[in-house]
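So you can see what is in the structure, the chains are spelled out below.
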Amino acid sequence: MAEREGTSLNQLIVTAVAEKLGASKLYDKLVQNIEDHFLARAMTSVSSFAVGLLSDVGLRTDRAENTVILGTQKSAPSVPKA
(Lines give C-alpha, C1' and ligand atoms only; values in the text may rest on other atoms or scores of the structure.)
Protein backbone atom coordinates (compact mmCIF):
# COMPACT_ATOMS: atom_id res chain seq x y z
CA MET A 1 0.00 0.00 0.00
CA ALA A 2 2.82 2.42 0.88
CA GLU A 3 4.54 1.59 -2.38
CA ARG A 4 1.33 2.24 -4.30
CA GLU A 5 0.98 5.68 -2.67
CA GLY A 6 4.65 6.52 -3.25
CA THR A 7 5.56 6.80 0.43
CA SER A 8 7.62 4.77 2.83
CA LEU A 9 6.07 2.18 5.11
CA ASN A 10 7.13 4.29 8.08
CA GLN A 11 5.27 7.33 6.68
CA LEU A 12 2.17 5.22 6.06
CA ILE A 13 2.19 3.92 9.65
CA VAL A 14 2.76 7.38 11.15
CA THR A 15 -0.07 8.83 9.07
CA ALA A 16 -2.46 6.01 10.00
CA VAL A 17 -1.69 6.39 13.72
CA ALA A 18 -2.13 10.18 13.54
CA GLU A 19 -5.48 9.79 11.79
CA LYS A 20 -6.64 7.25 14.37
CA LEU A 21 -5.63 9.48 17.29
CA GLY A 22 -7.28 12.50 15.69
CA ALA A 23 -10.50 10.58 15.10
CA SER A 24 -10.44 9.26 18.65
CA LYS A 25 -9.98 12.75 20.12
CA LEU A 26 -12.74 14.14 17.90
CA TYR A 27 -15.08 11.35 19.03
CA ASP A 28 -14.26 12.00 22.71
CA LYS A 29 -14.86 15.74 22.26
CA LEU A 30 -18.19 15.18 20.50
CA VAL A 31 -19.37 12.75 23.18
CA GLN A 32 -18.37 15.21 25.94
CA ASN A 33 -20.23 18.06 24.22
CA ILE A 34 -23.36 15.93 23.82
CA GLU A 35 -23.21 14.78 27.45
CA ASP A 36 -22.76 18.39 28.66
CA HIS A 37 -25.70 19.54 26.53
CA PHE A 38 -28.05 16.84 27.80
CA LEU A 39 -26.94 17.31 31.42
CA ALA A 40 -27.61 21.06 31.19
CA ARG A 41 -31.05 20.42 29.68
CA ALA A 42 -31.86 17.81 32.32
CA MET A 43 -30.82 20.11 35.16
CA THR A 44 -32.97 22.92 33.74
CA SER A 45 -35.96 20.57 33.53
CA VAL A 46 -35.44 19.27 37.08
CA SER A 47 -35.04 22.82 38.40
CA SER A 48 -38.22 23.97 36.67
CA PHE A 49 -40.09 20.93 37.97
CA ALA A 50 -38.87 21.58 41.53
CA VAL A 51 -39.90 25.24 41.41
CA GLY A 52 -43.33 24.24 40.12
CA LEU A 53 -43.67 21.60 42.81
CA LEU A 54 -42.71 24.05 45.54
CA SER A 55 -45.19 26.62 44.27
CA ASP A 56 -47.91 23.94 44.23
CA VAL A 57 -47.47 23.51 47.99
CA GLY A 58 -47.26 27.25 48.69
CA LEU A 59 -43.50 27.71 48.86
CA ARG A 60 -41.26 30.03 46.86
CA THR A 61 -37.58 29.88 46.00
CA ASP A 62 -34.88 32.51 46.00
CA ARG A 63 -32.55 31.34 43.22
CA ALA A 64 -29.96 34.01 43.99
CA GLU A 65 -29.51 32.66 47.51
CA ASN A 66 -30.41 29.01 46.74
CA THR A 67 -32.99 28.96 49.52
CA VAL A 68 -36.62 27.98 49.99
CA ILE A 69 -38.87 30.68 51.43
CA LEU A 70 -41.36 29.46 54.03
CA GLY A 71 -43.90 32.24 54.38
CA THR A 72 -41.72 35.24 55.25
CA GLN A 73 -38.68 33.33 56.54
CA LYS A 74 -35.96 31.70 54.49
CA SER A 75 -34.84 28.15 55.16
CA ALA A 76 -31.41 27.08 53.95
CA PRO A 77 -31.38 23.82 51.98
CA SER A 78 -30.44 20.83 54.05
CA VAL A 79 -27.04 19.33 53.38
CA PRO A 80 -26.75 15.58 53.96
CA LYS A 81 -24.00 14.58 56.35
CA ALA A 82 -21.30 12.29 55.04
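Because the structure is predicted, anything quoted here is derived from the model rather than measured.

## Here we look at the overall build of the chain
Counting its secondary structure elements, the chain contains two helices and three strands. Here the chain, with 82 residues, has 6% of them falling under the buried criterion. Of the roughly 7,300 Å² of accessible surface on the chain, 62% is carried by carbon and sulfur atoms.

## Concerning a nonpolar patch on the surface
A cluster of nonpolar side chains, namely L9, I13, V17 and L21, defines an oily patch on the protein surface of about 380 Å² accessible area. One can find L9 in helix α2 (residues 9-56).

## Notes on the confidence of the model for the chain
Here the chain averages 75 in pLDDT, and 63% of its residues register 70 or above. Ranking the helices and strands of the chain by mean pLDDT puts α2 first, with 85, and strand β3 (residues 73-75) last, with 49.

Basis of the calculations
Residues numbered from 1 in each chain as written. Predicted model: local features only at pLDDT ≥ 70, side-chain atom pairs only at ≥ 80, totals over all residues. Heavy atoms only, no water. Helix = DSSP H or I, 4+ residues; strand = E, 2+ residues; numbered from the N terminus. Buried < 20%, exposed > 50% of the residue type's maximum accessible area, 1.4 Å probe, protein only. Areas by Shrake-Rupley, 256 points an atom, 1.4 Å probe, with all protein chains shown as cover. Patch = residues over 30% accessible without salt bridge, like charges linked within 9 Å, V, L, I, M, F, W, Y side chains within 5 Å. Salt bridge = Lys/Arg side-chain N within 4 Å of Asp/Glu carboxyl O. pLDDT = per-residue confidence, 0-100.

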